[in-house]
Amino acid sequence: MPDQAALRLCPHCQAPTSGRFCEGCGHDSALPPPTAASRVGDRSDSAASGAGAWPDPADPTSAGASPDLSQGGARRDPSSSGARPDLSQRGPRPDPADPSLTGARPGGTFDPTVIAAGAIPDSGRTRTWVARIFADRDFYVRVQARKGPDAERVEFPDFYPERRIILRGNQFLIGKRSASQGIVPEIDLGIAPVDIGVSRAHAMIQVDQGGALTITDLGSTNGTSLDGAEKPIPPQQAVALREGSRIHVGGWTTIAITTEP
């Protein structure tokens, strides 16, 4: 048993020791006294969650944590007080703020939106174009006031159920189905009650490679107008659309362009 007078406290772990190397932590008393930072770092070793796991960024005691050696294995080198394991072989830790990661957005949030045909970019997210078709009384009143070609024959429907068509693809004909002429519009306005002011091949919506939408009037009898304008757009000329655009065709039909996740 060592002489009580020869015992001293280890400057690293404060355990009683008499030799050069502490029997508790292996500190070499010939080395300079450890700093407070190294003693704090050493205490964090015992709190590490397990080998191979990344330290929890929410736990201030886990930064730079090393594997738990309490279950056995080689004792650390006494000269490496406060040393940390070499993680260089793991590669860089994933950065949740990196927008190049799939589903990642600046700020570390995750966007689960699925990219689909007909989708448009929206501040890093991806949404899908939708055409919402409904009977628009305000548009009908404007048509009657300007007395268009079919104004006298057009009647506003008593009931017209709103329809929604998801625009999956890159071009969508607005018109009325005609088997004899081989016209099969993606947005078929020939379903009762029918707006007689709509031409069989009235207009074309197109989606470019970047996801932007345009509308082109195909030389229809009553023309195509946008967003409540009195003047129709020029025929055979593509005009840009945006989310919220309203396409007016025939005598009372409006197609609102919206997006959904």
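Note that the coordinates shown come from a computational prediction; the quantities given were computed from them, not determined experimentally. (Residues numbered from 1 in each chain as written. Predicted model: local features only at pLDDT ≥ 70, side-chain atom pairs only at ≥ 80, totals over all residues. Heavy atoms only, no water.)

(A) Structural view of the environment of Arg246. Tracing the sequence through the fold places Arg246 in strand β12 (residues 246–249). Of the residues examined, Arg246 reaches a relative accessible area of 32% and is grouped as partly exposed. Each C-alpha atom, one on Arg246 and one on Ala229, is 9.9 Å from the other, the two residues being 17 residues apart in sequence. Every residue in contact with Arg246, bar those within four places of it in the chain, is listed here: Ser225, Leu226, Asp227, Gly228, Thr254, Ile255 and Ala256. (Helix = DSSP H or I, 4+ residues; strand = E, 2+ residues; numbered from the N terminus. Buried < 20%, exposed > 50% of the residue type's maximum accessible area, 1.4 Å probe, protein only. Contact = heavy atoms within 4.5 Å.)

(B) Broad picture of the side chain of Thr254. For Thr254, the position within the fold is in strand β13 (residues 253–260). Residue Thr254 is classed as buried on the basis of its relative accessible area, which comes to 0%. Among the polar contacts listed, one links the side chain of Thr254 to the side chain of Asp136, at a separation of 2.8 Å. Excluding anything up to four places from it in sequence, Thr254 contacts Arg132, Ile133, Phe134, Asp136, Phe139, Arg246, Ile247 and His248. (Polar contact = N/O pair within 3.5 Å; in protein donor to acceptor, adjacent residues only side chain to side chain.)

(C) Just the sheet that holds strand β7 (residues 187–188), in detail. On the basis of which strands lie adjacent, the open sheet formed by five strands has the order β7-β6-β8-β9-β11 and mixed pairing. Every interior strand has two partners, whereas the edge strands, β7 and β11 (239–240), have only one. The pairing of strand β6 (residues 171–175) with strand β8 (residues 201–207) spans five bridges and is antiparallel. Among the inter-strand pairings, Phe172 is bridged to a residue of β8, identified as Ile205. (Pairing = 2+ DSSP bridges.)

(D) View of helix α2 (residues 137–146). Listing the buried residues of α2 in full gives Phe139, Tyr140, Arg142 and Val143. Relative to the axis of α2, the buried residues are bounded by an arc of 160 degrees and lie together on one face. For α2, the exposed residues lying more than 90 degrees away from the buried face are Asp138 and Ala145. The secondary structure elements touched by the buried residues of α2 are β10 (224–226), β12 and β13. Between the side-chain oxygen at the start of α2 and the backbone nitrogen of Asp138 there is a gap of 3.1 Å, and the oxygen is on Asp136. Just downstream of α2, Lys147 is the residue with a positive phi angle, here 55 degrees. (Arc of directions from axis to C-beta.)

(E) A look at the packing of aromatic side chains. In the structure shown here, the tally under the stated rule is three aromatic pairs. Seen from their ring centres, Tyr140 and Phe156 are 5.5 Å apart, and the 55 degrees between their planes marks the pair as tilted. Of the two residues, Tyr140 sits in helix α2 while Phe156 sits in the loop between α2 and β5 (163–166), which places them 16 residues apart along the sequence. By the burial criterion, Tyr140 is buried, and Phe156 matches it. Seen from their ring centres, Tyr160 and Trp252 are 5.1 Å apart, and the 75 degrees between their planes marks the pair as edge-to-face. Of the two residues, Tyr160 is situated in the loop between α2 and β5 and Trp252 in the loop between β12 and β13; the sequence distance between them amounts to 92 residues. Of the two residues, Tyr160 and Trp252, both sit in the buried class. Among the aromatic residues, ring-to-ring pairing joins Tyr140, Phe156, Tyr160 and Trp252 into one connected group. (Phe/Tyr/Trp six-rings, centres within 6.5 Å; stacked < 30°, edge-to-face > 60°.)

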